[in-house]
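One letter stands for each residue in the lines below.
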Amino acid sequence: MKELSYQTVRSPRRKTVTITVERDRTVIVRAPQDTTDEEVQRLVVGKRQWIIEKLRHPQKYRNRLHPPGKEVVNGEAALYLGCEYRIELVETSSGEVEFAQGFKVPRAHQAKRRRVLKDWYMARAKEIILPRAQQRGHELGARFKAAKIVENWYRWGSCTVRDNVNFNWRLIKAPMFVIDYVIVHELAHFLEANHTARFWSIMRAHVPAMDKAKDWLKEHGQVLEEEV
Ligand SMILES: [Zn+2]
């Protein structure tokens, strides 16, 4: 059996070990400072099948449609709820990003424009996705502790071992039927842990636009990697 190669990144702030497969197919193990090489090795071996599946996953590793770190400038566009809107730098006194059929970013924030735009997205994601998750959870009978909007580079949504559910803030860029798909997908895992026939029949019953949503995600997966 071929050895899996991986990098270990230790941090004193970290309390748990996570294993991620990056886009360039490097496997990174993030671990608390005092984790030994042997412990890391054992965890990697335990997760071997999962890692191999991730490494084989095709769509995650498609080429980027946009170069990384593209500039936010006048005339450029950004997605919100599935539609593209222009980004403009404007003179305002409020100092806030405004949205009126387009993004108006205060010129004063030019240097940190990505961050203010991200804050704006984050706030909209909380306003729109979290109540929707509550509602859909209620309909499905999926009992989760808390729903959160998180920074997550490779996934749209995830369930945690503590019965929480996390959604990537970039999901707010997607159309509502896609947001709904991702929400129900994560919540359906509370009823059925794996992608079994039962899982997909729950999905189909609750998300009529499921196939369309999956297609959108395949097509626009690179949205996950954009900085804003
Ligand atoms: Zn799933």
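Residues numbered from 1 in each chain as written. Predicted model: local features only at pLDDT ≥ 70, side-chain atom pairs only at ≥ 80, totals over all residues. Heavy atoms only, no water.

Undergrad: Sorry, what's going on with the pattern of salt bridges here?
TA: A side chain with one charge may pair with a side chain of the opposite charge, provided their charged atoms come close. Under the definition given, this model contains eleven salt bridges. Across the pair Lys118 and Glu151 runs a salt bridge, and its minimum N-O distance is 2.6 Å. One end of the pair, Lys118, is in helix α3 (residues 113-140); the other, Glu151, is in the loop between β8 (147-150) and β9 (157-159), and 33 residues separate them in sequence. Look at Glu151 and you get partly exposed, because its relative accessible area is 33%. Notably, a salt bridge pairs Arg170 with Glu151, separated by 2.9 Å at the nearest N-O pair. Of this pair, Arg170 sits in the loop between β10 (165-168) and α4 (176-188) while Glu151 sits in the loop between β8 and β9, placing them 19 residues apart in sequence. For Arg170, a relative accessible area of 1% corresponds to the buried category. (Salt bridge = Lys/Arg side-chain N within 4 Å of Asp/Glu carboxyl O. Helix = DSSP H or I, 4+ residues; strand = E, 2+ residues; numbered from the N terminus. Buried < 20%, exposed > 50% of the residue type's maximum accessible area, 1.4 Å probe, protein only.)

Undergrad: Even after reading the chapter, I still don't get the coordination of the zinc ion, so can you show me in this structure?
TA: Six octahedrally arranged donors around a metal ideally form angles of 90 or 180 degrees; four tetrahedrally arranged donors ideally form angles of 109.5 degrees. Looking at the metal site, the zinc ion is ligated by His185 (NE2), His189 (NE2) and His195 (NE2), spaced 2.0 Å from it. Mapping the donors of the zinc ion onto the primary sequence yields the spacing H-x3-H-x5-H. The residues His185 and His189 share a single accessibility class, namely buried. (Donors = N, O, S within 2.8 Å, 3.2 Å for Na, K, Ca; no water.)

Undergrad: Quick question: what am I supposed to make of the pairing of β10 here?
TA: Walk down a regular strand and you will see the side chains alternate between the two sheet faces. Burial of β10 is two-sided: the residues Val165 and Phe167 facing one way and the residues Asn166 and Asn168 facing the other way are all buried. As paired elements, β8 and β10 share four bridges and run parallel to each other. In the sheet register, Ala147 faces β10, and the bridge partner there is Val165. Bridge count for β9 against β10 is three bridges, and the pairing is antiparallel. Following the sheet pairing, Ser158 is matched in β10 by Asn166. Hairpin connection, β9 to β10: the antiparallel pair is bridged by five residues, and Asp163 has positive phi, about 65°. (Pairing = 2+ DSSP bridges.)

Nothing here speaks to function; it is all geometry.
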